[in-house]
Structure formats: C-alpha cells, structure tokens
Amino acid sequence: MKNIFKKTLFLTMTIISLTLMGCNKADKVSINNKDKIKNMKLLNEENNLLDLELYFDDSTDESKAKIGMEELVMDKEEVVGETLVNSLIAGPSLNSKLKPILPKDTKLLSFSIKDDIAVVNLNSQALIKMSVTKEEACIKGIVNTLCQLPKVNKVKFLIENKDIETIGGNYNTMEPIGKDDILKIIDSK
C-alpha cells in the first residue's frame, strides 16, 4: 500500500510541477519527464481506472489496533483533470510572467468527466466581472488545459452546482465549450 501511495503521490506531484513550471521551451529534462510520466503505471491499473485500497480503524478492542480495508476506484483522467483545474486556480509559478486566469479565492467544488465533457464546478468566488480579454483568456485557458486529456472534448462550467450564463459577464457559458467553440463564442461577441 505504501508503494501505491508513493507512486500516486509522485505522479500527482510530477504533474503539478510540470504544470506550474509554465515553460514553453522543450528541453531534454522536460522531454525525459514527459516520457517517464507516460510510462508510469500504478499497481492494479485497468481500463484507465485506479483501483486503490484505503485502510481505516477497525478496532473493536481498545487494547489491540486493527485496520480494515475499503476499495477506492477512481478514473485516472478525472484525478489528473482535478489536479489541472486546481493548478489553474493556484496560478502560474512565482517566476512566471504569466497572469492568473481565476480569482485567488476560487475553489473547485467538484470535477467529473461524462460523455467527453469535463464538468468544472467552482464556488461563487469564481464569478467576477472581467474585461472581455480577461474572460476570453480564462475560458481559453481552462478549455485548452482540460482538452489535453484524451477523454475531454468540451468543458461545462458550473457555479455552486448550477448552470451559469457567463463566468465573467461577457461570453455565454451555458453550453459546454470545446476548442473549436471558443472561436464561435468570441466571434459572436
């Protein structure tokens, strides 16, 4: 179990590190890291699912500790997608000249992938009045980031589990948005 936890933690930290670096230039180290991530597999990994075990206290006697196991099955792309959205919320690395695309008080309430659509459910702090260019950068940033995942073609935005007409006051976000849809909503402005 420790080995699975270590590998999961390593994978998550590696993805976060690569995401936060914000490098556009491909150097030998980043190419090698990408190859390592592609080749990394967790034990019991099947059909893009992570089959993990959680251990909890199962003691019935105060004098003897006993643990019991519960199975946890997670979709690998949903785990990665959640990490990507949280990295976008955290903002670019400190050394970067890039700017955040979401307010700093934004929280990801839930993330799921269904029918090739990533559903991003944010708290109400994500709703702020944005300039046209700021909202365009926000939508493009989230959509382009999540559409890197093989199972994601579009992104649906929710705030506090509810559909929203706009995230920043300028563009309609009621329908799921894909990379090709970005041009349509921006041209319709």
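About the criteria used
Residues numbered from 1 in each chain as written. Predicted model: local features only at pLDDT ≥ 70, side-chain atom pairs only at ≥ 80, totals over all residues. Heavy atoms only, no water. Helix = DSSP H or I, 4+ residues; strand = E, 2+ residues; numbered from the N terminus. Buried < 20%, exposed > 50% of the residue type's maximum accessible area, 1.4 Å probe, protein only. Contact = heavy atoms within 4.5 Å. Expected span 1.5 Å × (residues − 1). Polar contact = N/O pair within 3.5 Å; in protein donor to acceptor, adjacent residues only side chain to side chain. Pairing = 2+ DSSP bridges. Salt bridge = Lys/Arg side-chain N within 4 Å of Asp/Glu carboxyl O. Patch = residues over 30% accessible without salt bridge, like charges linked within 9 Å, V, L, I, M, F, W, Y side chains within 5 Å. Areas by Shrake-Rupley, 256 points an atom, 1.4 Å probe, with all protein chains shown as cover. Lys, Arg positive; Asp, Glu negative; His and termini not counted. Charge placed at Lys NZ, Arg CZ, Asp CG, Glu CD. Axes fitted to C-alpha atoms, helices over the stretch in contact; angles between N-to-C directions. Parallel < 35°, antiparallel > 145°, perpendicular 65-115°, else oblique. Left-handed = near helix turned anticlockwise from the far one by under 90°.

Moving on to the environment of E82. On the secondary structure map, E82 appears in helix 3 (residues 76-90). Residue classification places E82 among the partly exposed residues on the basis of a relative accessible area of 38%. For E82 and L108, which are 26 residues apart along the polypeptide, the C-alpha to C-alpha distance reads 8.0 Å.

Let us look at unusual backbone geometry. In this model, D115 sits at a positive phi of 55 degrees, which is unusual for a non-glycine residue. In this structure, D115 sits in the loop between strand 3 (108-114) and strand 4 (117-122). When its relative accessible area of 66% is taken as the criterion, D115 is described as exposed. Phi angles above zero are rare outside glycine, and N161 is one such case at about 70 degrees. Inspection of the secondary structure puts N161 in the loop between strand 5 (154-159) and strand 6 (162-163). By relative accessible area, N161 is classed as exposed at 59%.

Tracing the backbone through its elements, the reader meets D105 in the loop between helix 3 and strand 3. Through-space distance from the C-alpha of D105 to that of S124 is 9.2 Å; in sequence the pair is 19 residues apart. Setting aside anything within four residues of it in sequence, one finds D105 in contact with N123 and Q125.

Note that an α-helix has 3.6 residues per turn; residues three or four places apart therefore point the same way. Here helix 3 is 15 residues long and its end C-alpha atoms lie 21 Å apart, about the 21 Å a rise of 1.5 Å per residue gives. Of the residues making up helix 3, those classed as buried are E77, V80, G81, T83, L84, V85, S87, L88 and I89. Measuring from the backbone nitrogen of E77 back to the side-chain oxygen at the start of helix 3 gives 2.8 Å, which picks out D75 as the cap. Positioned one or two residues after helix 3, G91 has a phi angle of 95 degrees, which is positive.

For the rest of this paragraph, the subject is the pairing of strand 3. For a regular strand, the rule is simple: side chains alternate between the two faces of the sheet. With 6 bridges connecting them, strand 3 and strand 4 associate as antiparallel partners. By the bridge assignment, K114 is partnered in strand 4 with I117.

We now examine the pattern of salt bridges. In the structure shown here, the tally under the stated rule is 4 salt bridges. With a closest N to O distance of 2.9 Å, D181 and K154 form a salt bridge. Of this pair, D181 sits in helix 5 (residues 179-187) while K154 sits in strand 5, placing them 27 residues apart in sequence. The partner of D163 in a salt bridge is K156, and the shortest N-O contact between them spans 3.1 Å.

Another aspect to go through is a negative patch on the surface. Taken together, the side chains of D57, D58, D61 and E62 make up a negatively charged region of the molecular surface. Locating D58 in the fold gives a position in the loop between strand 1 (49-57) and strand 2 (67-75).

With that settled, consider the environment of M74. Looking at the secondary structure, you find M74 in strand 2. For M74, the contacting residues outside a window of four places in its chain are N48, L49, L50, L52 and V79.

At a minimum axis distance of 10 Å, the contact between helix 3 and helix 4 (residues 132-146) shows a crossing angle of 155 degrees. Judged by the inter-axis angle, helix 3 sits roughly antiparallel to helix 4. When you trace helix 3 past helix 4, the crossing you get is right-handed. Contacts between helix 3 and helix 4 pair G81, L84, V85 and L88 from the former with G141, I142, T145 and L146 from the latter.

None of the figures reported here should be taken as evidence of function without further support.
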